[in-house]
Amino acid sequence: MANVILVGAQWGDEGKGKIIDVLTEQADIVVRTQGGNNAGHTVFVGPTKYVLHLIPSGILRAGTTCVIGNGVVLDPVGLVAEIDGLAKLGVHVTPQNLVISETAHVVFPWHRELDGQREVRKGNQKIGTTKRGIGPTYGDKAARVGMRVIDLVNAARFPARFRERLSENNEILQALGAQPIDSDSVLAEYTRCADRLRPFVTNTVVMLHEATRRGANVLFEGAQGTFLDIDHGTYPYVTSSNTTAGGACTGSGVPPNRMDRVVGVMKAYTTRVGEGPLPTENAEISDLLHGMGREFGATTGRMRRCGWFDAVATRHAAMVNGIDELAVTNVDGLDSVKSIRVCSSYQFEGQTLRHIPSDADVLARCEPVFEEFPGWETPTDGIRRWEDLPVNCRHYLLSIAQMTGARLSIVSVGPARDQTMFL
Ligand code: GDP
Ligand code: IMO
Ligand code: MG
């Protein structure tokens, strides 16, 4: 399998967790390189549903080593809860199957508090964050005032440093009129988490370097999606990390010349959860999918906004990620649609746009130009071979791959492992 970067080619929730789980069969190591527990990656193993937030989806396969890389922002309380939740479902997370980077940044309660406060202050300009403290934690990282996992596990060694940071942050919160943090209870809770997590913590850069030198197959599990990228997304309606392929290198310490290919995951239609422009948003397809009980957020339970497939967006995603291969998921979501629309360009003030405009307010005012494809109007969830898919379905999938500009290699017609076809 070699070293594969998997990214979301849309606005997140493309079905990355499912595809990671399927591809993990051939991987020795699965690495998360950015984001935090804002992610929600759903994997079904038989009837059991798992939703992974910080732990790579590879954890569900025995013999796979999972890595939380340096580019991730880690909420220790959330991670301990996730480990305990998995144990209840019979998945045992140990230092043998999970390692954590010493240099990942730590999410603290004040980051969550600031995340919420900023959203309130923004009013109807809010981003619609997951309120997991992601933006403020990356903000502190960039401002060089953050605390890293190594600081947390060494807090007992350097207690004054830890306390100093707590009081420094309390001053900031008070200046903003936010609730001050009770330093003693934070210290107690984070010390407890540090004790639990210490055996998992290591220098993952060296570990990954040695593994790739030995010829291990490494899968880099992207979180969020291309248009939530801090640089390439629909700023400011984005998350705070590089969700695109380059983030896999900086977030793991594995250099670009060790990467072999990039797989882009996209739905056969478009969804977005949170605020921000979504040019192909459509009430008909939203009602259809929500009526089927689908497209509710895996982390916050919010209803996802839905629309037709946007090939302008996915073409841009192929460009900025260098997508070689495409996995198209949720094909079965369109099974009952008579005529399927695909956006091939935008109209803005009388001009045709073939690339996503950089200004989110311009994008919000773009009118999609659609091409129509005949639907297949037959269930696909029971189909297991590409040749057996209805001809209109194959035509649709090959067309959206061609418009995106990458090779179609995986088709998914249901959440289960076996509802997957390889081309
Ligand atoms: P992720 O964040 O990219 O991992 O995606 P999520 O797990 O947040 O959302 C994707 C949803 O689609 C989950 O509920 C998956 O179980 C589901 N899913 C993935 N692939 C398919 C598919 O081909 N068909 C159907 N019906 N559901 C799918
Ligand atoms: P996965 O990995 C979909 C969205 C939020 C919000 C914006 C910023 O499951 O695809 P944040 O909390 O990151 O500051 O929120 O990003 N968002 C996601 N949307 N899937 C995700 O992850 C997301 N993670 C964040 O809804 O619009
Ligand atoms: Mg998700």
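Residues numbered from 1 in each chain as written. Chains lettered and ligands numbered in written order. Predicted model: local features only at pLDDT ≥ 70, side-chain atom pairs only at ≥ 80, totals over all residues. Heavy atoms only, no water.

Asker: If you had to explain unusual backbone geometry to someone new, which residues and values would you point to?
Answerer: Residue Pro236 is reached from Tyr235 by a cis peptide bond, and omega for that bond is 5°. Take Pro236: it is sitting in the loop between β10 (218-221) and α9 (246-250). Phi is positive for Arg144, which is not a glycine, with a value near 65°. Structurally, Arg144 can be placed in the loop between α4 (134-142) and α5 (149-153). A positive phi angle, close to 45°, is found at Glu377, a residue other than glycine. Within the secondary structure, Glu377 is located in the loop between β18 (367-374) and α13 (391-404). By relative accessible area, which is 49% here, Glu377 ends up partly exposed. (Helix = DSSP H or I, 4+ residues; strand = E, 2+ residues; numbered from the N terminus. Buried < 20%, exposed > 50% of the residue type's maximum accessible area, 1.4 Å probe, protein only.)

Asker: For the environment of Thr352, give the residues involved together with the corresponding values.
Answerer: Tracing the backbone shows Thr352 in strand β17 (residues 351-353). The exposure class of Thr352 is partly exposed, given its relative accessible area of 44%. When the C-alpha positions of Thr352 and Gly17 are compared, they lie 35 Å apart, and in sequence the two are 335 residues distant. If near-sequence neighbours (up to four positions away) are discounted, Thr352 is found in contact with Ser345, Tyr346 and Gln347. Looking at Thr352, its side chain comes within polar contact range of the side chain of Gln347, at 2.7 Å. (Contact = heavy atoms within 4.5 Å. Polar contact = N/O pair within 3.5 Å; in protein donor to acceptor, adjacent residues only side chain to side chain.)

Asker: Give a description of the site of ligand 2 that names residues and reports values.
Answerer: The environment of ligand 2 is formed by 20 residues, the closest being Lys16, His41, Thr130, Gln224 and Thr239. Measuring from an oxygen atom of ligand 2, one finds a backbone N or O atom of Gly40 at 2.9 Å. In the complex, 98% of the free accessible area of ligand 2, which totals 550 Å², lies under the protein chains. Of the residues in the shell around ligand 2, the class split is 7 nonpolar, 10 polar and 3 charged. (Near = heavy atom within 4 Å. Areas by Shrake-Rupley, 256 points an atom, 1.4 Å probe, with all protein chains shown as cover. Nonpolar A, V, L, I, M, F, W, Y, C, P; charged D, E, K, R; others polar.)

Asker: I'd like to hear about the site of ligand 1, residue by residue, with values.
Answerer: Ligand 1 sits among 20 residues. The nearest are Lys16, Gly17, Thr42, Asp332 and Ser412. Contacts to ligand 1 include Asn330, whose backbone N or O atom sits 2.8 Å from an oxygen atom. When ligand 1 sits alone it has 590 Å² of accessible area, and the protein chains cover 90% of it. Broken down by secondary-structure element, the contributors of at least two residues to the shell around ligand 1 are α1 (16-23) and β3 (41-45). Split by residue class, the shell around ligand 1 holds 4 nonpolar, 9 polar and 7 charged.

Asker: An account of the packing of aromatic side chains is needed here, citing residue identities and associated values.
Answerer: With the rule as written, the count across this model stands at 6 aromatic pairs. Measuring from ring centre to ring centre gives 4.6 Å for Phe108 and Trp110, while their planes differ by 0°; the resulting arrangement is stacked. Given a relative accessible area of 2%, Trp110 falls into the buried group. Members of the aromatic cluster, each reached through a chain of ring pairs, are Phe108, Trp110, Phe162 and Tyr190. (Phe/Tyr/Trp six-rings, centres within 6.5 Å; stacked < 30°, edge-to-face > 60°.)

Asker: For the coordination of the magnesium ion (ligand 3), give the residues involved together with the corresponding values.
Answerer: Coordination of the magnesium ion (ligand 3) by the protein involves Asp13 (OD) and Gly40 (O), with metal-donor separations of 2.0 to 2.2 Å. Linking Asp13 in the loop between β1 (4-8) and α1 with Gly40 in the loop between β2 (29-32) and β3, this pair joins segments that are 27 residues apart in sequence. Residue Asp13 is classed as partly exposed on the basis of its relative accessible area of 22%. Given the relative accessible area of 13%, Gly40 is considered buried. (Donors = N, O, S within 2.8 Å, 3.2 Å for Na, K, Ca; no water.)

Asker: Tell me about the nonpolar core, residues and numbers included.
Answerer: One finds Tyr396 and Leu397 to be the most contacted residues of the largest nonpolar core, which totals 67 residues. For this core, the leading source of residues is α13, giving 6 residues. In this structure Leu397 touches Val328, Val331, Trp386, Leu389, Leu408 and Val411, once residues within four positions along its chain are discounted. Listed in part, the 54 residues of the second largest apolar core include Leu23, Ala27, Val30 and Met147. (Core = buried A, V, L, I, M, F, W, Y, C linked by side-chain atoms within 4.5 Å.)

Asker: Tell me about the side chain of Glu119, residues and numbers included.
Answerer: By the secondary structure assignment, Glu119 is in helix α3 (residues 109-122). No salt bridge is formed by the buried Glu119, whose closest oppositely charged neighbour, Lys131, lies at an N-O distance of 5.5 Å. Discounting chain neighbours no more than four positions away, the residues touching Glu119 are Lys126, Ile127, Gly128 and Thr129. (Lys, Arg positive; Asp, Glu negative; His and termini not counted. Salt bridge = Lys/Arg side-chain N within 4 Å of Asp/Glu carboxyl O.)

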